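Examination of the molecular architecture
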Amino acid sequence: MENRVVITGMGVVAPNGVGLEAFSNAIQHGLSGVKFFSNLKELGFSCCIGGIPTVSEELKREYFTELQLKNFNSSGILYGCIAGMDAWKDAGLAISESADFDSGTVFGAGTSGIDKFREAIYKLDDGKVRRLGSTVVAQTMASGVSAYLGGILGLGNQVTTNSSACTTGTEAILMGYDRIKAGKAKRMLVGSTSDNGPYVWGGFDAMRVLTYKHNESPEQGSRPMSASASGFVPGSGAGAMVLESLESALERNTTIYAEILGGNVNSGGQRNEGSMTAPNSDAVQRCISAAIKNAKIEPKDIDVINGHLTATSKDFTEIKNWSEALDLKGSNFPYINSLKSMIGHCLSASGSIESVASVLQIKKGFIFQNSNCEDLNEEITSLVSKEKIPQKTIKKDINIVAKASFGFGDVNGCVIFKKFDR
Amino acid sequence: MRTNEQMISDLKEIVKPYIQNQHGFDSLTEETDFINDLKINSANLVDVVLDIEDKFDIEIDNDSMDKMLNVKAALEIIETKLSEK
């Protein structure tokens, strides 16, 4: 028999809030985490704004030992470990003395320790390879974040890192879900992280996909679904969830945030209008439809869609794909929101941070607002009624949220969260 | 010229961040083994050697590094490298 899978703990390190309480408060009140960064300006970036979580030296020391912090220079591993350890604690789980063979992790990343890697490259090119020390590999290997978490928590089941660009976080959730559903693990810590700063964001700035119009007004810079959307704002951080078999969660008598009903991942093969950087709409629609079918629900059962919606010209394409896949439009279309209006696009971390926000809506009964779209794109409102794109947070009982993420490489992921009902 | 006590005290300061057995550290002698007595992670021995190089302004070659498993060996190698300067 296949296991039902529930969420029993969450953690988040976001540009507008570190920790579940601060983040939950921030998204309900529309607090922005986007700021101007003078180092981006000095480096000649067109877009000098971004989202970076605030993590003090004191906070670091609540999660890491002095030895772990010696020569430590990986923001992605830092964020991932804080979010992951918080989720573990939130689920009421202890740190095991011996390896816990029933618990594992799929914790995704786009890059690892990019600042550490830069440091190492400078030393290497200076002929000082023997002076690198012991910390370069662990911080720069792609699986760094899952390796750190596995060691800190004593995980003895699968410990791995997935990577699928901006779909990474959503994919990690579905990989952990599949593993528990198949009975191969009781608990999976799932999530994703992204390094911060110029060495991750520079490539996007060069592609001219970041907005350069809001260096003087950072909080208004990220404008999904707006007629004046002019490119995305880069972000960083991490989101994490403890997924658990329903049986194990009930045995432990622990809090259940929501159930994962199912989902789907696929790719457009970079065919039709799909490419390295653009989605094949046929594949996006298939992904959404397959997720709904897998979850055994009907499109009309969806209360809220948490979109990918980055604030580029592709926002309309995404809305059109949702509308066609669900065969719903106008006032029949579900509510839809994008967290990126508050924190920017956290790249490989976006799917997991946004999924934490999606599940908080179910647990606490609200639909968080879309900031910066007072001038809604008219193509979008030709398909979706304005009131379905809330500009102020709505207090409402939420049963089902569909969350999708799309990434470079023409990859898609869609997961269906539902209020837990025995 | 440093005395033996000074050298041990310098070395203690260097290994301090890496030790995972406080008792072994508190009772450190020339016979103390870095891995068995101080529970220093073997990967961190590389970092100890780099910190020694910085402190004494010497360069420790790979062969010497392989032998630096306890306080006594470390002291001998440091002294040899210092005398070659």
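Only a predicted model underlies this, so the values are computations on that prediction, with no experimental measurement involved.

Criteria and thresholds
- Residues numbered from 1 in each chain as written.
- Chains lettered and ligands numbered in written order.
- Predicted model: local features only at pLDDT ≥ 70, side-chain atom pairs only at ≥ 80, totals over all residues.
- Helix = DSSP H or I, 4+ residues; strand = E, 2+ residues; numbered from the N terminus.
- Rg over C-alpha atoms; globule rule 2.2 N^0.38 Å.
- Buried ≥ 20, exposed ≤ 12 C-beta atoms within 10 Å, placed from the backbone.
- Contact = placed C-beta atoms within 7 Å.
- Nonpolar A, V, L, I, M, F, W, Y, C, P; charged D, E, K, R; others polar.
- Pairing = 2+ DSSP bridges.
- Axes fitted to C-alpha atoms, helices over the stretch in contact; angles between N-to-C directions.
- Parallel < 35°, antiparallel > 145°, perpendicular 65-115°, else oblique.
- Left-handed = near helix turned anticlockwise from the far one by under 90°.
- Expected span 1.5 Å × (residues − 1).
- pLDDT = per-residue confidence, 0-100.
- Domains from an automatic or database assignment.
- Arc of directions from axis to C-beta.

Further remarks concern the overall build of chain B. Each helix and strand in chain B was counted, giving five helices and zero strands. Starting at the N terminus and walking to the C terminus, you meet the elements of chain B as α-α-α-α-α. Over its C-alpha trace chain B gives a radius of gyration of 12 Å, about what one expects of a compact globule, namely 12 Å for 85 residues. When its C-alpha atoms are laid out on the principal axes, chain B stretches across 35 × 25 × 20 Å. Looking at the 85 residues of chain B, the share that counts as buried comes to 22%. Considering only residue pairs separated by 6 or more positions, chain B has 46% of its internal contacts joining residues 24 or more positions apart.

Attention now moves to the interface of chain B and chain A. The partner chain A presents six residues to the seven residues of chain B that form the contact. The residue makeup of the side of chain B that touches chain A, split by class, is five nonpolar, one polar and one charged.

This part covers the pairing of strand E9 (residues 258-267) of chain A. All names here are of chain A. The buried count for E9 comes to eight of ten residues, which makes it a mostly enclosed element. By the bridge criterion, three bridges tie strand E1 (residues 5-14) to E9 in an arrangement that is antiparallel. Paired with Ile-7 across the two strands is Ala-258, which belongs to E9. One ladder, built from eight bridges, connects E9 with strand E15 (residues 411-418); its direction is antiparallel. Within E15, the residue paired with Glu-259 across the bridge is Lys-418.

Before going further, it helps to spend a moment on the packing of helix H5 (residues 75-90) of chain A against helix H8 (residues 144-153) of chain A. All names here are of chain A. Direction vectors running N to C along H5 and H8 enclose 40°, while the axes themselves pass 9 Å from each other. Compared by their axis directions, H5 and H8 come out oblique. For the pair H5 and H8, the crossing hand works out as right-handed. Contacts between H5 and H8 pair Gly-76, Ile-77, Gly-80, Cys-81, Gly-84, Met-85 and Trp-88 from the former with Gly-144, Val-145, Tyr-148, Leu-149, Ile-152 and Leu-153 from the latter. Residues that form the contact of H5 with H8 fall into these classes: nine nonpolar, four polar and no charged.

We now examine helix H9 (residues 168-181) of chain A. Residues and elements named next belong to chain A. Taking 1.5 Å as the rise per residue, H9 with 14 residues should run 20 Å; its terminal C-alpha atoms sit 20 Å apart, in good agreement. With respect to burial, H9 is a largely interior element, eleven of its 14 residues being buried. For H9, the full list of buried residues reads Thr-168, Gly-169, Thr-170, Glu-171, Ala-172, Ile-173, Leu-174, Gly-176, Tyr-177, Arg-179 and Ile-180. Immediately beyond the C-terminal end of H9, within one or two residues, lies Gly-183, with a positive phi of roughly 80°.

Scored by pLDDT, chain B comes out at a mean of 94, with 99% of its residues at no less than 70. Reported for the predicted complex are a pTM of 0.97 and an ipTM of 0.89.

Take the environment of Gln-139 of chain A next. Residues and elements named next belong to chain A. Mapped onto the fold, Gln-139 is located in helix H7 (residues 136-140). Sequence separation between Gln-139 and Ile-180 is 41 residues, and the spatial gap between their C-alpha atoms is 28 Å. Not counting residues up to four positions away in its chain, the partners in contact with Gln-139 are Asn-73, Ser-74, Ile-77, Ser-112, Gly-113, Lys-116 and Gly-144.

We now examine the domain arrangement of chain A. All names here are of chain A. Along its sequence, chain A is organised into domain 1 (5-258) and domain 2 (262-418). Centre-to-centre, using C-alpha coordinates, domain 1 lies 21 Å away from domain 2. In this complex, domain 1 contributes 58 residues to the contact, which on the side of domain 2 involves 57 residues. Listed by contribution, the elements that provide at least two residues to the side of domain 1 that touches domain 2 are E1, helix H1 (20-29), strand E4 (49-51), strand E5 (103-109), H9, strand E7 (187-194) and strand E8 (237-245). A total of eight residues in the side of domain 1 that touches domain 2 trace back to one element, the largest contributor, which is H9. Looking at the side of domain 1 that touches domain 2, its residues break down into 28 nonpolar, 28 polar and two charged.

To continue, consider H1 of chain A. All names here are of chain A. Phe-23, Ser-24, Ala-26 and Ile-27 are the residues of H1 that are buried. The arc that holds every buried residue of H1, seen down its axis, measures 165°, which confines them to one face. Exposed side chains of H1 directed beyond 90 degrees from the buried face belong to Glu-21 and His-29. Just beyond H1, the residue with positive phi is Gly-30, at close to 65°.

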